[in-house]
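# Structural overview for review
So the chains spell out like this:
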Amino acid sequence: MAIKYHPDKNLNNQEAEEKFKKISEAYQVLSDPVLRKRYNEFGEENGIRPDGGFEIVDPEEFFKQSFGGDRFVDIIGELSMGKDMKEAMEIYGDVDPKSLTPEQKLEKEEQRKNFEKIKIANREARVQQLSAKLINKLSLYTELNDIPEEARHAAFSNIIQIEAEDLKQESHGVELLNTIGHTYFTKGNQYLGKGVAFGLGGMFHTMKEKSYILSETVGTIRSVLDAIWKGSKLEVESVLRDVCDRVLTDPTAPKETLKSRAVGLKIIGSIYQKVKTDVTPEDIPIPIHPSSP
């Protein structure tokens, strides 16, 4: 709705501008636990306006800040969903295809093809950049060859644990870390399993991965926000699978280094998957004595 009623798409349309403001306000109330609680208790007109008033929300910024913000960019890149939706609306808008002339249809199709080319190029650049960043992070493990394996594992684990505890504070931080961790761990396992029983280990993990992708794709959608998160999650997993494949098939790296990278991925994945939301005192139920009324 924010994209549909964005002022840039509805010049001189006062009604659309007002709707966009209301959409922005609704998003800010829903995304803030304190404001949402006030709204549920007192309604729209009593106490839900934040200090300094509401801000105008950009649809691209919505996706960027709702899922990890800037802190996750080096790991997952910038989510393309918001930008893709915005550009798709700019091409098609609310136009009925039946009302277009043959020339207009041809023009729209050309715009769509150019949009797809740019989208593919942007994804390739994203995968390339993230691969380089992941190789750099894994080098903290792969290049510590002068210390015993146990000490190397412990040192790298400590670094990743500190990073994870910091990142989980971001918006959807825990969910993102769990998602990233699952992909890393699965890909590391898949690579290391290739040498087991003539590659049957790797085949098993590949089949398991495909089964997981299918289950995630057809899972139940309970709300609009759930759908947005699920779409973002699928995008992150898809990109990171390509990133891991590139990191683990790097033709410039020796086999021993690739194996170490796979082990490093499993270490990161294992830690990320175990990250949980902090429990606050308010979350802990007060025990009731059996004799209490």
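Cut-offs used in this document
- Residues numbered from 1 in each chain as written.
- Predicted model: local features only at pLDDT ≥ 70, side-chain atom pairs only at ≥ 80, totals over all residues.
- Heavy atoms only, no water.
- Core = buried A, V, L, I, M, F, W, Y, C linked by side-chain atoms within 4.5 Å.
- Buried < 20%, exposed > 50% of the residue type's maximum accessible area, 1.4 Å probe, protein only.
- Helix = DSSP H or I, 4+ residues; strand = E, 2+ residues; numbered from the N terminus.
- Contact = heavy atoms within 4.5 Å.
- Salt bridge = Lys/Arg side-chain N within 4 Å of Asp/Glu carboxyl O.
- Axes fitted to C-alpha atoms, helices over the stretch in contact; angles between N-to-C directions.
- Nonpolar A, V, L, I, M, F, W, Y, C, P; charged D, E, K, R; others polar.
- pLDDT = per-residue confidence, 0-100.

For the protein chain, an unreviewed UniProt entry supplies the name J domain-containing protein and the organism Rhizopus delemar.

### Here we look at the nonpolar core
Counting 35 residues, the largest nonpolar core has Ile 180, Tyr 184 and Tyr 272 as its most contacted members. Among the elements of the structure, α4 (73-76), α6 (102-142), α7 (149-167), α8 (173-192), α10 (224-248) and α11 (255-273) are those that each provide at least two residues to this core. Counting residues per element, this core draws most heavily on α10, which supplies nine residues. The residues contacting Ile 180, other than those within four sequence positions of it, are Phe 72, Ile 75, Ile 76, Val 236, Leu 240 and Tyr 272.

### Topic: the pattern of salt bridges
Under the counting rule described, the total for this entry stands at 14 salt bridges. Among the ionic pairs, Arg 112 bridges to Glu 109, the shortest N-O distance being 2.6 Å. With Arg 112 and Glu 109 both in helix α6, this residue pair falls three residues apart, about one helical turn. Residue classification places Glu 109 among the partly exposed residues on the basis of a relative accessible area of 30%. Between Glu 165 and Lys 168 there is a salt bridge, with the nearest N and O atoms lying 3.1 Å from each other. Here Lys 168 falls in the buried class, since its relative accessible area comes to 10%. Each of the salt bridges in this network shares a partner with another, and the network as a whole consists of Arg 71, Asp 166 and Glu 170.

### Describing the packing of α6 against α7
At a minimum axis distance of 9 Å, the contact between α6 and α7 shows a crossing angle of 145 degrees. In this structure, α6 uses Lys 137, Leu 138, Leu 140, Tyr 141 and Thr 142 to contact α7, whose residues at the interface are Glu 149, Arg 152, His 153, Phe 156, Ile 159, Ile 160 and Glu 163. Grouping the constituent residues of the contact of α6 with α7 by class yields six nonpolar, two polar and four charged.

### A look at the confidence of the model for the protein chain
Looking at the protein chain, the pLDDT average stands at 79 and 69% of residues meet or exceed 70. Per-element averaging of pLDDT across the protein chain places helix α9 (residues 200-217) at the bottom with 54 and α11 at the top with 96. Here residues 289-293 is modelled with pLDDT under 50, and outside its nearest four sequence neighbours on either side it reaches zero contacts, counting other chains as well.

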